[in-house]
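# Examination of the molecular architecture
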Amino acid sequence: MAGKKILGDERRQVILDHLITKQAPITGGELAKTANVSRQVIVSDITLLKAKGEPIIATSQGYLYMPSSNRDSMIERIVACQHPPERAEEELFLLVDHGVTVKDVKIEHGVYGDLTASIMVSNRKEVEQFLTKIQETQAAYLSELTDGVHLHTLMAQDEATLKKAEHALEEAGFLMKSYS
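Residues numbered from 1 in each chain as written. Predicted model: local features only at pLDDT ≥ 70, side-chain atom pairs only at ≥ 80, totals over all residues. Heavy atoms only, no water.

To continue, consider the overall build of the chain. Check the secondary structure of the chain and you find 7 helices and 7 strands. The order of α-helices and β-strands along the chain, N terminus first, is α-α-α-β-β-α-β-α-β-β-α-β-α-β. Computed over its C-alpha atoms, the radius of gyration of the chain comes to 18 Å, within 12% of the 16 Å expected for a compact globule of 180 residues. Each principal axis of the C-alpha atoms in the chain carries an extent, and together these give about 55 × 35 × 30 Å. Within the span of the chain, comprising 180 residues, buried residues form 40% of the whole. (Helix = DSSP H or I, 4+ residues; strand = E, 2+ residues; numbered from the N terminus. Rg over C-alpha atoms; globule rule 2.2 N^0.38 Å. Buried < 20%, exposed > 50% of the residue type's maximum accessible area, 1.4 Å probe, protein only.)

Turning our eyes to something else, we now look at the pairing of strand β1 (residues 56–59). The sheet contact formed by β1 and strand β2 (residues 62–65) spans 4 bridges and is antiparallel. Bridge pairing in β2 places Thr59 opposite Gly62. Taking the residues between adjacent antiparallel strands as the criterion, β1 and β2 are bridged by 2 residues. (Pairing = 2+ DSSP bridges.)

Turning our eyes to something else, we now look at the packing of aromatic side chains. Going through the model one piece at a time under the given rule, you end up with 0 aromatic pairs. When the ring centre of Phe93 is taken as origin, the NZ or CZ atom of Arg124, which lies over that ring, is 4.0 Å away. (Phe/Tyr/Trp six-rings, centres within 6.5 Å; stacked < 30°, edge-to-face > 60°. Lys NZ or Arg CZ within 6 Å of the ring centre and 35° of its normal.)

This paragraph deals with the UniProt feature "domain: 3H" (unreviewed entry) in the chain. As annotated by UniProt and renumbered to match this structure, "domain: 3H" (unreviewed entry) occupies residues 79–175. End-to-end, the C-alpha atoms of residues 79–175 are 7 Å apart, and along that stretch the chain is 38% helix and 32% strand. (UniProt positions renumbered as here; feature names shortened; annotations may be inferred.)

We now examine the environment of Gly113. Structurally, Gly113 can be placed in strand β5 (residues 113–121). In this structure, Gly113 is in contact with Ile107 and Glu108, ignoring residues within four places of it in sequence. (Contact = heavy atoms within 4.5 Å.)

As a packed pair, helix α5 (residues 88–97) and helix α6 (residues 124–137) sit with axes 9 Å apart at the nearest point and diverge in direction by 155 degrees. With respect to α6, the element α5 is oriented roughly antiparallel. The crossing of α5 and α6 is right-handed. Residue-level contacts link Glu89, Leu92, Phe93, Val96 and Asp97 of α5 to Arg124, Val127, Glu128, Phe130 and Leu131 of α6. Looking at the contact of α5 with α6, its residues break down into 6 nonpolar, no polar and 4 charged. (Axes fitted to C-alpha atoms, helices over the stretch in contact; angles between N-to-C directions. Parallel < 35°, antiparallel > 145°, perpendicular 65-115°, else oblique. Left-handed = near helix turned anticlockwise from the far one by under 90°. Nonpolar A, V, L, I, M, F, W, Y, C, P; charged D, E, K, R; others polar.)

In the predicted model, the chain carries a mean pLDDT of 88, and 93% of its residues have values of at least 70. The secondary structure element of the chain with the lowest average pLDDT is helix α4 (residues 68–72), at 58, and the one with the highest is α5, at 96. (pLDDT = per-residue confidence, 0-100.)

With that out of the way, let us pick up the nonpolar core. Of all hydrophobic cores here, the largest spans 25 residues; its most connected members are Val121, Phe130, Leu154 and Leu169. Broken down by secondary-structure element, the contributors of at least two residues to this core are β3 (75–82), α5, β4 (101–109), β5, α6, β6 (149–156) and α7 (159–171). Ranked by residues supplied to this core, first place goes to α5 with 6 residues. Beyond its immediate sequence surroundings of up to four residues, Leu169 is in contact with Val79, Cys81, Glu91, Leu94, Leu95, Leu154, Phe174 and Leu175. With 15 residues, the next largest nonpolar core counts Ile15, Ile26, Leu49 and Tyr65 among its residues. (Core = buried A, V, L, I, M, F, W, Y, C linked by side-chain atoms within 4.5 Å.)

Size it by volume and the second largest pocket reaches roughly 260 Å³. Looking at the lining of the second largest pocket, the elements that each hand over two or more residues are α2 (28–35), β1, β2, β5 and α6. (1 Å grid on protein atoms, 1.4 Å probe; cavity = no way out; pocket = protein on both sides within 12 Å on 5 of 7 lines; lining within 4 Å. Points joined across faces, edges and corners; volume = space filled by probe spheres on them.)

Structure (structure tokens):
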């Protein structure tokens, strides 16, 4: 790494400013280049920023600053789905094509209890990036631990959009039950 390292609190402020300004996911690698430090330092800095209450979430596309005002304007619904891993792409495409953001995936594990992973995909490109990362890292889908049973938190601008997406899930054979 050439150039001067940005240290401590100043570096964390630079990270925060980048996340707020860009309003789109930024990878740890990009932030590391900006601050001239390792990606692991960025991971630690993000943890410290979260501990201070900064609304930063980690997605498959990178870190995202998500102030409550953005979340407050969205309506959320949790849906229970079941399908094999081979249908994950179909499920996610179906949802984003209906104008829904898939916030996360949750499972109830017999040993660890509730496990939640952020997804934050809103369009096909983000779904493709998420699925590529799954393949490249040879990671398993959380739902593989529960015979395909999982929950998604869905976000949309209005109730009608959520209802249409939920109906499409049901028609495609993904939906188990929804909770308001």
